[in-house]
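# Structural features, examined
Chain residues, written in single-letter form:
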Amino acid sequence: MMRRSFKTNLDIRYRDTDSMGHVSSPVYYEYMQTAYLEYMHRILEIPKSEKLPHIMVKTACEYIAQAKYGDKVLVLSHVSKFGGKSFEMEHIMHIGDEQGVVMAKAISVHVMYDYEKQATQPVPESFKQTVLAYQGSL
């Protein structure tokens, strides 16, 4: 079965760029976080005014091509694996659309979290099924 990625469209703002005129490295993490939040709020049907039941605990980004002010960015995000209490996501950032140049590849790791108990918790089977229903596969 083919995997479906969640699509987040972003505009590169002038403030996203550095003195060289391309997207500054920390901004890629903002793009990744925005894509993660959009994806999870949508598939879990949780209003943006409420917390998600997980927290981001690790990120990494590989910068591949320069993007500049005025470019459009498409972030394709998907859950790539589940752990006992965590899950990992991959985020592929394209300039323009899916056929556009890949500007960055990023990963983020998230831990299921109970805010009331201030403790991690196992990944619920219902969460796995929701992700798989959307994506089709990992």
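The structure under discussion appears in the preceding block.
For the structure given in this document, a descriptive report is provided here. All values derive from a computational prediction rather than experimental measurement.

The number of helices and strands found in the protein chain is two helices and six strands. For the protein chain, the C-alpha radius of gyration of 16 Å lies close to 14 Å, the compact-globule estimate for 138 residues. Each principal axis of the C-alpha atoms in the protein chain carries an extent, and together these give about 45 × 35 × 25 Å. Residues counted as buried form 38% of the 138 residues belonging to the protein chain.

Our focus in this paragraph is the environment of Leu74. In this fold, Leu74 is placed in strand β3 (residues 72–82). When its relative accessible area of 5% is taken as the criterion, Leu74 is described as buried. Sequence separation of Leu74 and Gly100 is 26 residues, and the distance between their C-alpha atoms is 8.8 Å. Those residues in contact with Leu74 that sit more than four places away from it in its chain are Lys7, Thr8, Asn9, Ile92, Met93, His94, Gly96, Asp97 and Glu98.

Attention now moves to the side chain of Glu88. As for its placement among the helices and strands, Glu88 is situated in strand β4 (residues 86–95). When residues no more than four places from it in sequence are discounted, the contact partners of Glu88 are His78, Val79, Ser80, Lys81, Ile107, Ser108 and Val109.

A general feature of soluble globular proteins is that nonpolar side chains tend to end up buried together. Core analysis: the biggest nonpolar cluster contains 16 residues, and Val23, Tyr28, Tyr31, Val73, Met93 and Met103 have the highest contact counts within it. Of all the secondary structure elements, the ones that give two or more residues to this core are α1 (25–44), β3 and β5 (102–114). If you look at the next biggest cluster of nonpolar residues, it comprises 15 residues, including Met40, Ile43, Leu52 and Met89.

To continue, consider the side chain of His54. Its place among the elements puts His54 in strand β2 (residues 54–63). A polar contact is formed between the side chain of His54 and the side chain of Tyr36, at a distance of 2.9 Å. Ignoring any residue separated from it by four or fewer positions in sequence, one finds His54 in contact with Tyr36, Met40, Leu44, Phe87, His110, Val111, Met112, Tyr113, Tyr115 and Phe127.

The next thing to look at is unusual backbone geometry. Positioned with a positive phi, Glu45 is a non-glycine residue whose angle comes to about 55 degrees. With respect to the element layout, Glu45 can be found in the loop between α1 and β2.

What counts as what
- Residues numbered from 1 in each chain as written.
- Predicted model: local features only at pLDDT ≥ 70, side-chain atom pairs only at ≥ 80, totals over all residues.
- Heavy atoms only, no water.
- Helix = DSSP H or I, 4+ residues; strand = E, 2+ residues; numbered from the N terminus.
- Rg over C-alpha atoms; globule rule 2.2 N^0.38 Å.
- Buried < 20%, exposed > 50% of the residue type's maximum accessible area, 1.4 Å probe, protein only.
- Contact = heavy atoms within 4.5 Å.
- Core = buried A, V, L, I, M, F, W, Y, C linked by side-chain atoms within 4.5 Å.
- Polar contact = N/O pair within 3.5 Å; in protein donor to acceptor, adjacent residues only side chain to side chain.

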